[in-house]
Amino acid sequence: MLNANKGAAGPLDGRGLRIGIVQARFNEDITNALAEACLAELARLDVQPADIEHVLVPGALEVPLALQAMAQRGGFDALVALGCIIRGETYHFELVANESGAGVTRVGLDHRLPIANAILTTEDLPQAVARQTDKGRDAATVAVEMARLVQRIGGRA
């Protein structure tokens, strides 16, 4: 929700974390802005560029498979899913939104690996544009916060 009270996570330190980013190309102007904001925030959190792997896939439905491949290969402390699904005139929006979201969640749970899901689902392009920067930054902070939490509580297999 835009302008939601997200609470405060406290100081975050991304030094030494390995982060994988999967970006959908569909609605590329929006997903590029999401990626730019995410990468800028990861840099602000001291995640080194050499510790970030960023791959592109055709669309939101392909994001979970790429996340799964990264998770299976290993070596990541957290992953980030970036995409943009804008409602159209058919049921396709619901299908893509529901299936991509469920796939992202399943990969995270199956691999016990934090995944920050920043696949936007909006009614129109102006809503997507209004969210692209904040959600890109949020994805980076969620990835770092959850990677540190999982390290602290020993949740990785």
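Thresholds, definitions, all that
- Sequence positions are assigned chain by chain, starting from 1 and proceeding in written order.
- Note on the predicted model: pLDDT of at least 70 is required for a residue's local features to be given, and 80 or more for side-chain atom pairs to be given and counted; whole-chain, interface and lining totals, by contrast, use all residues.
- To obtain the side-chain values, all non-hydrogen atoms of the structure were included, while hydrogens and water were left out.
- Remark: nonpolar core denotes a set of buried residues (Ala, Val, Leu, Ile, Met, Phe, Trp, Tyr, Cys) joined through side-chain atoms within 4.5 Å.
- A simple rule labels every residue: compare its accessible area, found with a 1.4 Å probe on the protein chains alone, to the largest value its type can have, and call it buried under 20%, exposed over 50%, or partly exposed in between.
- The numbering of helices and of strands both runs from the N terminus, where a helix is a DSSP run of H or I of at least 4 residues and a strand a run of E of at least 2.
- Only heavy atoms enter the contact rule, under which two residues are in contact if any of them lie within 4.5 Å.
- When a carboxyl oxygen of Asp or Glu lies within 4 Å of a side-chain nitrogen of Lys or Arg, that pair is called a salt bridge.
- Two strands qualify as a pair provided DSSP detects at least 2 bridges between them.
- UniProt positions are given in the numbering used here, feature names are shortened, and annotations may be inferred rather than shown by experiment.
- One less than the number of residues in a helix, times 1.5 Å, gives the span that helix is expected to have.

Engineer: Looking at this structure, I do not really get the nonpolar core. What am I missing?
Structural biologist: Side chains of a nonpolar character, in soluble globular proteins, are inclined to be buried together. Core analysis: the biggest nonpolar cluster contains 24 residues, and Ile19, Ile21, Cys38, Leu42, Val80, Leu82 and Ala139 have the highest contact counts within it. At 6 residues, the largest contribution of residues to this core is made by helix 4 (residues 125-153). Beyond its immediate stretch of four places on either side in the chain, leucine 82 contacts Ile21, Val22, Gln23, Ala24, Leu34, Ala35, Val63, Ala118, Ile119 and Ala139. Val22, Met70, Ile85 and Val104 belong to the second largest nonpolar core, which has 21 residues in total.

Engineer: Looking at this structure, I do not really get the pattern of salt bridges. What am I missing?
Structural biologist: Opposite charge on two side chains permits pairing when their charged atoms draw close. Evaluation of the coordinates by the stated rule reveals 8 salt bridges. Residue glutamate 94 is joined to arginine 87 by a salt bridge in which the shortest nitrogen-to-oxygen separation is 2.5 Å. Under the relative-accessibility criterion, arginine 87 is labelled partly exposed at 30%. Overlapping salt bridges, with partners in common, bring together Arg18, Glu53 and Arg73 in one network.

Engineer: Just checking my understanding: could you explain the pairing of strand 3 (residues 78-86) for this structure?
Structural biologist: The side chains of a regular strand alternate between the sheet's two faces. Summarising burial for strand 3: 8 of the 9 residues are buried, a large majority. Bridge count for strand 1 (residues 19-24) against strand 3 is 5 bridges, and the pairing is parallel. Opposite isoleucine 21, over in strand 3, you have valine 80 as the bridge partner. As paired elements, strand 3 and strand 4 (residues 115-122) share 8 bridges and run parallel to each other. Residue pairing in the sheet places alanine 81 in a bridge with asparagine 117 of strand 4.

Engineer: Looking at this model, I keep getting lost on the UniProt feature "binding site: 5-amino-6-(D-ribitylamino)uracil" (unreviewed entry) in the chain. Mind explaining?
Structural biologist: Within this structure's numbering, the places UniProt gives as "binding site: 5-amino-6-(D-ribitylamino)uracil" (unreviewed entry) are Phe26, Ala60, Leu61, Glu62, Cys84, Ile85, Ile86 and Asn117. Within the secondary structure, cysteine 84 sits in strand 3. In contact with cysteine 84, other than residues within four places in its own chain, are Phe26, Asn27, Ile30, Thr31, Ile119, Leu120 and Ala128. Within the fold, isoleucine 85 resides in strand 3. Looking at isoleucine 85, the relative accessible area reads 7%, which means it is buried. Residue contacts for isoleucine 85: discarding those within four places in its chain leaves Asn27, Ala60, Phe93, Val96, Ala97, Ser100, Ile119, Leu120, Thr121 and Thr122.

Engineer: Is there a simple way to think about helix 1 (residues 28-44) in this case?
Structural biologist: A turn of α-helix holds 3.6 residues, and therefore any two residues three or four places apart point the same way. With 17 residues, helix 1 should reach 24 Å at 1.5 Å per residue; the first-to-last C-alpha distance of 24 Å fits that figure. Inspection of helix 1 places Ile30, Thr31, Ala33, Leu34, Ala35, Ala37, Cys38, Glu41 and Leu42 among the buried residues, and these make up the whole buried set. Packing partners of the buried residues in helix 1 comprise strand 1, strand 2 (52-57), strand 3, strand 4 and helix 4. Phi for aspartate 46, located one or two positions after helix 1, is positive at around 70 degrees.

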